[in-house]
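Single-letter residue listing:
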Amino acid sequence: MTHDHLDAPIRAASRPFGRVLTAMVTPFTADGALDLDGAARLADHLVTQQGNDALVVNGTTGESPTTTDAEKERLIRAVVEAVGDRARVVAGVGTNDTRHTIELAASAEKAGAHGLLVVTPYYNKPPQAGLLRHFTAVADASGLPVMLYDIPHRSGVPIETETLVRLAEHGRIVAVKDAKTDLTATSWVTSRTDLAYYSGEDALTLPALAVGCVGVVGTSTHFTGAETKRMIEAYDAGDTATALAWHRRLLPLFTGIFRTQGTILVKAGLAVQGLPAGPVRPPLVEATDGEVAQLRADCAAAGLPLP
């Protein structure tokens, strides 16, 4: 009995956006206006101090549902100017309207973004044929590489395996932010395509690497970026024991950042550190004293105490 298929080399998936990306919060001033100076300073911190290879701006963590199209473009320009020579800037442009998504993609490209994050259209629950048409239309309309964002617990619809395999045939659809939390489905896609898979669940980053993922688009990485990169690099080097040790150490913050909506706790933690954050926009609400105390405990448990 032979196992020739086991002897074939595993394709080394490319990393079009590096290993560690953070879905950056959008800093606001005390009165809720866009804080472009703060965004530039936060972006610099995330790249310089937290080791991020790329930043996602205008994602859900960046409160994209409550920022205007004009604010989104201004934010991209500010972040590209601040760190674009040192890190990739990926612009969230996904909506549940294909025409609007294409408009945001054009605006992001004009503003200097290096890539696009396109979430599954949410709430209107298109069938798979609609997803195929939506993502293809966006990729056709832009010259930028596209990262699909598969997050069915928010969008209401998964991008099915066969749909992902077909989308992978498009020259500009190069990556997936995978928040499906279905590593079997992930395994099938990474085995059948060259899509660069990035974990969209901080705590699943290490197991996701084992089935072909190449990195993470994180939220806790506002605080754990440098350590998360060390975990991924250890795994890449074949030192799975060290990678597991990092995973276990960081687990309290990988999960703790989502005790309430992630943006709320990230902004609270940044504020404690004296970094730009500002308030959240409604319908989000500020972290309670109890939530901040719990965040402090989670950070301490991860070996990354807040000041």
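The text that follows walks through the structure, step by step, so that each part is easy to find. Quick caveat, the model's predicted, so the values are computed rather than measured.

Excluding glycine, most residues fall at negative phi; most peptide bonds, likewise, are trans. The peptide bond linking Pro282 to Pro283 adopts the cis configuration, its omega dihedral lying at 15 degrees. Summarising the element assignment, Pro283 is placed in the loop between helix 12 (262-272) and helix 13 (289-301). A positive phi angle, close to 65 degrees, is found at Asn58, a residue other than glycine. With respect to the helices and strands, the residue Asn58 is situated in the loop between strand 2 (54-57) and helix 3 (69-83). Judged by its relative accessible area of 3%, Asn58 falls in the buried class.

With that settled, the discussion passes to helix 5 (residues 128-141). Counted at 1.5 Å a residue, the expected span for helix 5 with its 14 residues is 20 Å, and the 20 Å between its end C-alpha atoms agrees. Every buried residue belonging to helix 5 is among Leu131, Leu132, His134, Phe135, Val138 and Ala139, and all of these are buried. Each buried residue of helix 5 lies within a common arc of 165 degrees when the element is viewed along its axis, so the set occupies one face. Facing away from the buried side of helix 5 by over 90 degrees, the exposed positions are Ala129 and Arg133. Contacts made by the buried residues of helix 5 are with helix 4 (98-111), strand 4 (115-119), strand 5 (146-150), helix 7 (161-167) and strand 6 (173-178).

Moving on to the packing of aromatic side chains. Enumeration over the complete set of coordinates arrives at 1 aromatic pair. Judged by centre distance (6.5 Å) and plane angle (55 degrees), the rings of Phe17 and Tyr198 are tilted. Placement of Phe17 in the loop between helix 1 (4-7) and strand 1 (20-23) and of Tyr198 in strand 7 (residues 196-199) is noted, with a sequence separation of 181 residues between them. Residue placement shows Arg281 over the ring face of Phe28; its charged tip is 4.1 Å from the ring centre.

The periodicity of an α-helix, 3.6 residues per turn, causes residues three or four positions apart to be oriented the same way. Here helix 3 contains 15 residues, and its C-alpha end-to-end distance of 21 Å stays within 8% of the 21 Å for a straight helix at 1.5 Å per residue. Residues of helix 3 that are buried in the fold lie against helix 2 (36-48), strand 2, strand 3 (88-92) and helix 4.

Calculation rules
- By convention here, each chain's residues receive numbers from 1 onward along its written sequence.
- Only residues with pLDDT of at least 70 get local features here, since the model is predicted, and only at 80 or more are side-chain atom pairs given and counted; chain-wide, interface and lining totals rely on the full set of residues.
- The basis for every side-chain value is the complete set of non-hydrogen atoms in the structure, without hydrogens or water.
- Only DSSP runs of H or I reaching four residues or more are called helices, and only runs of E reaching two or more are called strands; each is numbered from the N terminus.
- Using a 1.4 Å probe on the protein chains alone, a residue whose accessible area is under 20% of its type maximum counts as buried, one over 50% counts as exposed, and one in between counts as partly exposed.
- Helix span, expected: 1.5 Å multiplied by one less than the number of residues in the helix.
- The arc in question is formed by the directions pointing from the helix axis toward the C-beta atoms.
- Residue contacts are counted whenever heavy atoms from the two residues lie within 4.5 Å of one another.
- Put simply, two rings from Phe, Tyr or Trp (the six-membered ring, in Trp's case) pair if the centres are within 6.5 Å, and we call them stacked under 30 degrees between planes, edge-to-face over 60, tilted for the rest.
- For a lysine, the NZ atom is tested; for an arginine, the CZ atom; a charge sits over a ring if that atom is within 6 Å of the ring centre and within 35 degrees of the ring normal.

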